[in-house]
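One letter stands for each residue in the lines below.
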Protein chains: 2
Amino acid sequence: MPLRRVAIFASLALNVAALALLRHRYVVSHPHHPGVVSLDQQHHVCAPQPGTSGAAASAPSTGKPGVTSDSVINLDHGDPTMFEAFWRETGDAAELVIPGWQTMNYFSDVSNVCWFMEPDFDQQVRRLHRTVGNAAVDGCHVLVGTGSTQLLMAALYALSPADAVQPTSVVSTAPFYSWYPAVTDFLRSGLFRWAGDANSFVGDAYIELVCSPNNPDGAIRDALLGSGGAGKAVHDLAYYWPQYTPITRRADHDIMLFTMSKSTGHAGTRIGWALVKDREVARRMTKFVELNTVSVSKDSQLRAARVLRAVSDGYGGGASRHRLFDFGRRKMAERWRMLREAAAASGIFSLPEETSGRCNFANETAANNHAFAWLRCDREDVEDCAGFLRGHKILTRSGNQFGAEPRYVRVSMLGRDDAYDIFIRRLASLK
Amino acid sequence: MPLRRVAIFASLALNVAALALLRHRYVVSHPHHPGVVSLDQQHHVCAPQPGTSGAAASAPSTGKPGVTSDSVINLDHGDPTMFEAFWRETGDAAELVIPGWQTMNYFSDVSNVCWFMEPDFDQQVRRLHRTVGNAAVDGCHVLVGTGSTQLLMAALYALSPADAVQPTSVVSTAPFYSWYPAVTDFLRSGLFRWAGDANSFVGDAYIELVCSPNNPDGAIRDALLGSGGAGKAVHDLAYYWPQYTPITRRADHDIMLFTMSKSTGHAGTRIGWALVKDREVARRMTKFVELNTVSVSKDSQLRAARVLRAVSDGYGGGASRHRLFDFGRRKMAERWRMLREAAAASGIFSLPEETSGRCNFANETAANNHAFAWLRCDREDVEDCAGFLRGHKILTRSGNQFGAEPRYVRVSMLGRDDAYDIFIRRLASLK
């Protein structure tokens, strides 16, 4: 069953990739392959960083190691470190101080369906959506999750009838995010099961995952099967922000998922949110989070609220000079220009056509500059593009993990400048 | 199947309780009962608190509402707010400052099996266990999770053969933590399934959950079935800390689970950790967390590291006057004395016998002062103790949620002083 294999690949990608790369060959592992970098391949990445006070001096990790011109460049994951430069500029506007005695309680607001959600996070989420105009929040329940992945599982749990004899089919149009089949199937739930490409689905009862702009290829999508009857749709709008795409309409779906990692770049904070219209669905999604992790980190919720407040303040007509989406649009436009030039210089790669639209937020025409490049290798003798690039120490995610041909790869566009510049130079040199 | 009903009750307790109480009758709900407090029953609990700086001024919630002499007293959940008083005393010793640009990366240490764990958290966990002497850490892998609940699921995932035709049976000796059956079964996984009381289990392949001191009754437990062959044990040592029980030996099991919420009182931080001997098991547990929530909040990991550092510093022979376990032992001993006096004054309640042992940490004999009281109502005409107490506006968790008689209830001993004092007065007055 090829789609199960897709799920297996996807479930491995995050940490098998480094190992595979360093071995300079493609590692295909069974679902429980450890897939971590072995001792002789270690990169110690926990060099201390200066904190802004003694309290921050506990040396948070820097994540990936720094790179040099002959380093392995890891563009497999959507690590949004591109945004660090912006947040360094904002000084203490997004700095959080948490006294030792705070956030010790499980509860945040027992009057809310999402009883563990910090009220300020709820308010800042609504404020930002009103500022950007990318999603309708009036009358919606806001739910917080440990990243949007947890809320995706929560939605599957909430939309699957508990008394169904058969698991509910979960589908998405290919190419689909490689994580969808993995997250759906890893516990072999009797409530829901991955059923693959929505184009080939036959049946009435399903949950359709709609990612727009789409991961991996950036396509603007509507539901193929749509909601109604026993069919439900979940809209993953992680990338529906002005730095990536024109905001052409106020999205207004039953369940919409967003995440800090792609909106502001705070991936390590693990905060996502859902906008949910139906109260009973919101209650069941909350119940899932409760059974899965009891609640969601209050430290991270307070941090997220602080960060979202700083983003909205940048567009509040106030004194703030710091405008996240302006920074993001400039960076993404520049990176896409560099990528298209490099692909042209190389001559063996093709990219999705450039598209644009009227952005209601920027109030001008803006291009789609997706967070990932969906790169195709056109060279006749290269069938495994990821393997080909890996041979040149560029780590990407193979198209076959997205239900597509291995001639395609997904390339993260959100890394740090140094790594991105090396990637561009290498790509341009490939013939 | 009564144990499935136990699971259902348990999965509801956390938020049905408030509703049930306010209605002054017992609410039995199906697994997807929303169970939230309805609008006419709201308690707004998000009153601002003074922050220590502008950056902390985003008004974190206070959790549960304050109480007065005729308030409903909620002792259903183990909210560890008793510890707030201690952490207020420590000033900035446990204060964390996070600049806006930090912890944006998914990765923390790609050389670690648990690639998303902050190195300082790992170090502080090992340091605290060496300080307390409650668990062996040498040669163990430390894994971080979104609370120990996520790590419990991770252990079930890691210990269940992926290719098994039948789900692996999960058992625990009754009375067992009401959350175990709920967490095991809520996704109807094909990998593992709740099989109830270990005493009545027949078979070779199982995962035994061993909680010691035991939730709810505080009993010191060893595995009943034990490890070996197709049988595995997971030791939940959430309460194996000097404030609750004498540290009589250095625990040294294959998988040991701990949590911030019961060790330091930081429940809202949602950080738990596992000490795991086998590398492959550690890898599979890490894979579970990855597929479930990608990683674990770095903000909370840094906060936890900061807090654990402050605890160890208190016993490091340094200048720190702040000794968490001394504070905790004093409070717990005082509360248990008050409770035993109240039960005696009432005459209709009985409690587990007082036991004590030699504590290697305190270097003296210490009593077991469990985080929960396992209270039995001896009055002939009261079969539902939880319902009886609810009628007197005391909210507890019924014994039937722990696989025991409804004559028993579990009472949290970790709430704030004001609520606890009112509870004691009310209990003493019941005849």
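Residues numbered from 1 in each chain as written. Chains lettered and ligands numbered in written order. Predicted model: local features only at pLDDT ≥ 70, side-chain atom pairs only at ≥ 80, totals over all residues. Heavy atoms only, no water.

- Per an unreviewed UniProt entry, chain A goes by the name Tryptophan aminotransferase related 2 and belongs to Triticum aestivum.
- Note on chain A: under the UniProt heading Sequence similarities (unreviewed entry), the record states "Belongs to the alliinase family."
- Chain A has a UniProt comment under Cofactor (unreviewed entry) that states "pyridoxal 5'-phosphate". (UniProt positions renumbered as here; feature names shortened; annotations may be inferred.)

**Some remarks on the overall build of chain A**
Moving on, step 1. The number of helices and strands found in chain A is 11 helices and 16 strands.
Moving on, step 2. Looking at chain A as a whole, 66% of its 431 residues qualify as buried.
Moving on, step 3. Intrachain contacts of chain A at a sequence separation of at least 6 include 72% that bridge at least 24 residues. (Helix = DSSP H or I, 4+ residues; strand = E, 2+ residues; numbered from the N terminus. Buried < 20%, exposed > 50% of the residue type's maximum accessible area, 1.4 Å probe, protein only. Contact = heavy atoms within 4.5 Å.)

**Comments concerning the side chain of B:E118**
Moving on, step 1. Here B:E118 is to be found in the loop between β2 (96–98) and α3 (119–132).
Moving on, step 2. Overall, B:E118 belongs to the buried group, its relative accessible area being 1%.
Moving on, step 3. Once you skip the residues sitting within four places of it in the chain, B:E118 turns out to touch A:A59, A:P60, A:S61, B:S108, B:K298, B:Q301 and B:L302.

**With respect to the interface of chain B and chain A**
Moving on, step 1. Taken together, the contact pairs 110 residues of chain B with 110 residues of chain A.
Moving on, step 2. At the boundary of chain B with chain A, the tally comes to 2 salt bridges.
Moving on, step 3. Here B:D299 and A:R303 are joined by a salt bridge, their closest N and O atoms 2.6 Å apart.
Moving on, step 4. For the pair chain B and chain A, the number of links is 43 residue pairs in polar contact (both at pLDDT 80 or more).
Moving on, step 5. Looking at the side of chain B that touches chain A element by element, the count peaks at 10 residues for helix α7 (residues 279–293) of chain B.
Moving on, step 6. Considered class by class, the residues forming the side of chain B that touches chain A number 46 nonpolar, 40 polar and 24 charged.
Moving on, step 7. Pairing of strand β2 (residues 96–98) of chain A with β2(B), which is carried by 3 bridges, proceeds in the antiparallel orientation. Its bridge partner lying in β2(B), A:I98 is registered against B:L96. (Salt bridge = Lys/Arg side-chain N within 4 Å of Asp/Glu carboxyl O. Polar contact = N/O pair within 3.5 Å; in protein donor to acceptor, adjacent residues only side chain to side chain. Nonpolar A, V, L, I, M, F, W, Y, C, P; charged D, E, K, R; others polar. Pairing = 2+ DSSP bridges.)

**So, the pairing of strand β9 (residues 271–276) of chain A**
All names here are of chain A.
Moving on, step 1. The buried fraction of β9 is high, at 6 of 6 residues.
Moving on, step 2. The side-chain alternation of β9 yields two buried faces, one formed by I271, W273 and L275 and the other by G272, A274 and V276.
Moving on, step 3. In terms of strand pairing, strand β3 (residues 141–146) meets β9 through 6 bridges, oriented antiparallel. Within β9, the position partnered with G145 by the bridge is G272.

**Some points on the sheet that holds strand β15 (residues 397–398) of chain A**
Residue and element names in this part refer to chain A.
Moving on, step 1. The strand order β10-β13-β16-β15 describes an open sheet built from 4 strands, whose pairing is antiparallel. Sheet topology places β10 (349–350) and β15 at the edges, where each strand pairs with a single neighbour.
Moving on, step 2. Across 5 bridges, strand β13 (residues 372–377) lies against strand β16 (residues 408–412) in antiparallel orientation. Among the inter-strand pairings, F372 is bridged to a residue of β16, identified as S412.

**Quick notes on the relation of the copies chain B and chain A**
Moving on, step 1. In screw terms, the move from chain B to chain A is a rotation of 180 degrees and a rise of 0.0 Å along the axis, fitting with an RMSD of 0.0 Å. One copy is carried onto the other by what is essentially a two-fold rotation axis.
Moving on, step 2. In this assembly the copies share their binding face: 100% of the residues contributing to the interface of chain B also contribute to that of chain A. (Least-squares fit on C-alpha atoms with pLDDT ≥ 70 in both.)

**Some remarks on the pattern of salt bridges**
Residues and elements named next belong to chain A.
Moving on, step 1. Tallying each qualifying case throughout the model produces 40 salt bridges over all chains.
Moving on, step 2. Between K277 and D252 there is a salt bridge, and its shortest N-O distance comes to 2.9 Å. With K277 in the loop between β9 and α7 (279–293) and D252 in the loop between β7 (231–236) and β8 (255–259), this pair connects stretches of sequence that are 25 residues apart.
Moving on, step 3. With relative accessibility at 34%, the residue K277 sits in the partly exposed group.

**Focus: the environment of A:W179**
Residue and element names in this part refer to chain A.
Moving on, step 1. Looking at where W179 falls in the secondary structure, it is placed in helix α5 (residues 179–185).
Moving on, step 2. Overall, W179 belongs to the buried group, its relative accessible area being 5%.
Moving on, step 3. On a C-alpha basis, the gap between W179 and L128 in space is 27 Å, while along the polypeptide they are 51 residues apart.

**Some thoughts on α7(A)**
Residue and element names in this part refer to chain A.
Moving on, step 1. Between the first and last C-alpha of α7 there are 21 Å, a value that for 15 residues agrees with the 21 Å anticipated at 1.5 Å per step.
Moving on, step 2. Summarising burial for α7: 12 of the 15 residues are buried, a large majority.
Moving on, step 3. Those residues of α7 not exposed but buried are V281, A282, R284, M285, T286, K287, F288, V289, E290, L291, N292 and T293.
Moving on, step 4. Once α7 finishes, V294 follows within two positions and takes phi at roughly 70 degrees, a positive value. (Expected span 1.5 Å × (residues − 1).)

**Description of the packing of aromatic side chains**
Aromatic ring pairs are defined here through the distance separating the ring centres and the angle between the ring planes.
Moving on, step 1. Scanning all chains against the criterion turns up 46 aromatic pairs over all chains.
Moving on, step 2. Between A:Y239 and A:Y244 the ring centres are 6.0 Å apart and the planes differ by 70 degrees, which places this aromatic pair in the edge-to-face class.
Moving on, step 3. Relative accessible area serves as the criterion here: at 4%, A:Y239 is assigned to the buried category.
Moving on, step 4. What makes A:Y244 buried here is its relative accessible area of 1%.
Moving on, step 5. Residues A:W241 and A:F325 carry aromatic rings whose centres are separated by 5.9 Å and whose planes lie at 10 degrees to one another, so their mutual orientation is stacked. Pair noted here: A:W241 is in the loop between β7 and β8 and A:F325 is in helix α9 (residues 324–346), with a separation of 84 residues, a long-range link. Here A:W241 matches A:F325 in class, with each residue buried.
Moving on, step 6. One aromatic cluster is present, formed by A:F121, A:W241, A:F258, A:W273, A:Y315, A:F325 and A:F361 through successive ring pairs.
Moving on, step 7. When the ring centre of B:W101 is taken as origin, the NZ or CZ atom of A:R88, which lies over that ring, is 3.9 Å away. (Phe/Tyr/Trp six-rings, centres within 6.5 Å; stacked < 30°, edge-to-face > 60°. Lys NZ or Arg CZ within 6 Å of the ring centre and 35° of its normal.)

**Examining the sheet that holds strand β4 (residues 168–172) of chain A**
Residues and elements named next belong to chain A.
Moving on, step 1. Taken together, the 7 strands give an open sheet; going across it, the order is β3-β9-β8-β7-β6-β4-β5, and neighbouring strands pair in mixed fashion. Of all the strands in the sheet, the pair left with one neighbour each is β3 and β5 (192–197). The sheet shows a mean angle of 25 degrees between the axes of neighbouring strands, direction not considered.
Moving on, step 2. Relative to β5, β4 is paired through 5 bridges, and the arrangement is parallel. Across the sheet, residue V170 finds its bridge partner in β5, namely W194.
Moving on, step 3. The strands that helix α3 (residues 119–132) touches are β3, β8 and β9; relative to β9, the one it contacts most, it runs at about 70 degrees. (Axes fitted to C-alpha atoms, helices over the stretch in contact; angles between N-to-C directions.)

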